[in-house]
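Here are the chains, one letter per residue:
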Amino acid sequence: LVAASAVLVWLSAMPLWALLALLPGGYLGLLLLLALRPARQATGGGDGALAALVQVARRLQSRRNIEVWAVALGAARADSSGLAELLRLYPFDRSTTLFIALEALDRGPLAVSTGCGALRAWACDDEIVSMLRADGALAMDLRVDRSLIAPLLRGGYRAASLFCVSAPGGAEPAVLVHSCAELLSAAIEALDNAR
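Here goes a summary of the coordinates provided. Quantities reported herein were computed from a predicted structural model and do not represent experimental measurements. (Residues numbered from 1 in each chain as written. Predicted model: local features only at pLDDT ≥ 70, side-chain atom pairs only at ≥ 80, totals over all residues. Heavy atoms only, no water.)

1. Structural notes on the packing of aromatic side chains
Tallied over the entire structure, the rule returns five aromatic pairs. Arranged with centres 5.6 Å apart and planes meeting at 85 degrees, the rings of Phe92 and Phe99 form a pair that is edge-to-face. Overall, Phe92 belongs to the buried group, its relative accessible area being 18%. Taken together, the ring pairs connect Trp69, Tyr90, Phe92, Phe99 and Tyr157 into an aromatic cluster. We note Arg94 situated over the ring of Tyr157; from NZ or CZ to the ring centre the distance is 4.4 Å. (Phe/Tyr/Trp six-rings, centres within 6.5 Å; stacked < 30°, edge-to-face > 60°. Buried < 20%, exposed > 50% of the residue type's maximum accessible area, 1.4 Å probe, protein only. Lys NZ or Arg CZ within 6 Å of the ring centre and 35° of its normal.)

2. A short note on the environment of Leu191
Secondary-structure assignment places Leu191 in helix H7 (residues 173-194). Sequence separation between Leu191 and Arg63 is 128 residues; the distance between their C-alpha atoms is 10.0 Å. (Helix = DSSP H or I, 4+ residues; strand = E, 2+ residues; numbered from the N terminus.)

3. Quick word on the nonpolar core
A general feature of soluble globular proteins is that nonpolar side chains tend to end up buried together. Ranked by size, the top nonpolar core spans 41 residues in total, and within it Leu102, Leu132, Ile149, Leu152, Leu162 and Cys180 carry the most contacts. No other element matches H7, which puts nine residues into this core. Setting aside its immediate chain neighbours within four residues, Leu102 contacts Ala49, Ala52, Leu53, Leu148, Leu162, Cys180 and Leu184. (Core = buried A, V, L, I, M, F, W, Y, C linked by side-chain atoms within 4.5 Å. Contact = heavy atoms within 4.5 Å.)

4. Description of the pattern of salt bridges
According to the stated counting rule, one finds three salt bridges in the structure shown. The closest approach of N and O atoms between Arg158 and Asp125, which form a salt bridge, is 2.9 Å. Of this pair, Arg158 sits in strand E5 (residues 158-164) while Asp125 sits in the loop between strand E3 (122-123) and helix H5 (126-134), placing them 33 residues apart in sequence. Of the two residues, Arg158 and Asp125, neither departs from the other in class, the shared state being buried. The residue Glu127 makes a salt bridge to Arg158 at a minimum N-O spacing of 2.4 Å. You can see Glu127 sitting in helix H5 and its partner Arg158 sitting in strand E5, a full 31 residues away along the chain. Looking at Arg158, the relative accessible area reads 19%, which means it is buried. The network of salt bridges with common partners includes Asp125, Glu127 and Arg158. (Salt bridge = Lys/Arg side-chain N within 4 Å of Asp/Glu carboxyl O.)

5. Quick word on the packing of helix H3 (residues 46-59) against H7
One can describe the packing of H3 onto H7 by two numbers: an axis separation of 8 Å at closest approach and a directional angle of 40 degrees. Relative to H7, H3 is oriented oblique. Along this stretch, H3 crosses H7, giving a crossing that reads as right-handed. Judged by residue contacts, Gly48, Ala51, Ala52, Gln55, Val56 and Arg59 of H3 engage Val177, His178, Cys180, Ala181, Glu182, Leu184, Ser185 and Ile188 from H7. (Axes fitted to C-alpha atoms, helices over the stretch in contact; angles between N-to-C directions. Parallel < 35°, antiparallel > 145°, perpendicular 65-115°, else oblique. Left-handed = near helix turned anticlockwise from the far one by under 90°.)

Okay, here's the thing in structure tokens:
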């Protein structure tokens, strides 16, 4: 409070034109600081998820009973407008459509989400979870609201997410991509054979 009152006394002694110049000057200074800050190191995983998606699409050339869509939204965790637009353009049937999202694949064992949401827990689809668990994924809650599947679960869609449990000394990204592609391919082929 003492510092704030000292600043107010200092500002009240300034002429009006100086006060008006402080606002845009302060704004420009903030923009300059933001522009000059060091770039963040990008976390891996998005590239791995895309590579796994491409491998799965290549492996699943012939399916008899199901239709598989491979969709890369890009930056969906930061902004889910791409997912919202996909659902607007293609109104998938909530009862027959299964969504499997690939979260960041960087290091650690593969896990399938059983639920997501930090403030309100949304349960993932049991059929997807058991299908992916049968093929070797761990089952874990994904306790974040910024998950790829959060908008799907809130919208009543059947969804689950494959992600990596961060662990030091975990599998290399190339191994994870291969494991994820095999896991998804086996699950989709089993689903195709069961229908």
